[in-house]
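# Structural characterization, general
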Amino acid sequence: ERFLDSTYDYMSRVVLIALGNPDAPQWVYGHCNFPMEFDDDHDFKLSDRIETVNENEILIKLIEEHDVEEIVLTAQSLEGRIQIPEHYKSLLTVVKTPKPEN
């Protein structure tokens, strides 16, 4: 949410966060800066197995139905795991998140 709130443009975005082992995540949390339905009060969020997200083409549906212009991956390891057609790969952006200090 903080990442999405820090952007001041009107670009539709999805931020994907790897859950579990960051080097080999099995689950992903996704947060959008738009609601799924026009009359929804809150932005769309998802938490699911990466395999399920890919099989159900959730990201493709978001791109095509909500004109998503950027998919932000917060872990490099997600880049190879998220499956979208080649012509949508330019929408992917990988950002490094700082590791918590001990």
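Each remark here, short or long, concerns the structure printed above.
Here goes a summary of the coordinates provided. Here the residue index of a chain counts from 1 through its sequence in written order. Selection of residues for local features in this predicted model requires a pLDDT of at least 70, selection of side-chain atom pairs for listing and counting requires 80 or more, and totals for whole chains, interfaces and linings are taken over all residues. The basis for the side-chain values is all heavy atoms of the structure; hydrogens and waters are excluded.

This paragraph deals with the nonpolar core. Within the largest apolar cluster, 24 residues are counted, with the highest numbers of intra-cluster contacts made by Val14, Leu16, Leu59, Leu62, Ile71, Leu78 and Ile82. Runs of E in the DSSP output that reach at least two residues are strands. Runs of H or I that reach at least four are helices, and both are numbered from the N terminus. Of all the secondary structure elements, the ones that give two or more residues to this core are β1 (13-19), β2 (27-32), α2 (50-55), α3 (58-66) and β4 (70-73). Ranked by the residues each element gives to this core, the list is headed by α3, at five residues. To form a nonpolar core, buried Ala, Val, Leu, Ile, Met, Phe, Trp, Tyr and Cys residues must be joined to one another through side-chain atoms within 4.5 Å. Burial classes: relative accessible area under 20% of the type maximum marks a residue as buried, over 50% as exposed, and values in between as partly exposed (1.4 Å probe, protein chains only).

Moving on, we come to the environment of Tyr10. Position of Tyr10 among the secondary structure elements: in the loop between α1 (2-5) and β1. Sequence separation of Tyr10 and Asn33 is 23 residues, and the distance between their C-alpha atoms is 9.2 Å.

We now examine the pairing of β4. By the alternation rule, side chains of β4 split into Glu70 and Val72 and Ile71 and Leu73, which are all buried. Two strands pair if DSSP finds at least two bridges between them. Direction of pairing for β1 relative to β4: parallel, over a ladder of four bridges. Across the sheet, the residue bridging to Arg13 is Glu70, located in β4. Bridge analysis of β4 against strand β5 (residues 92-94) gives three bridges, and the strand direction is parallel.

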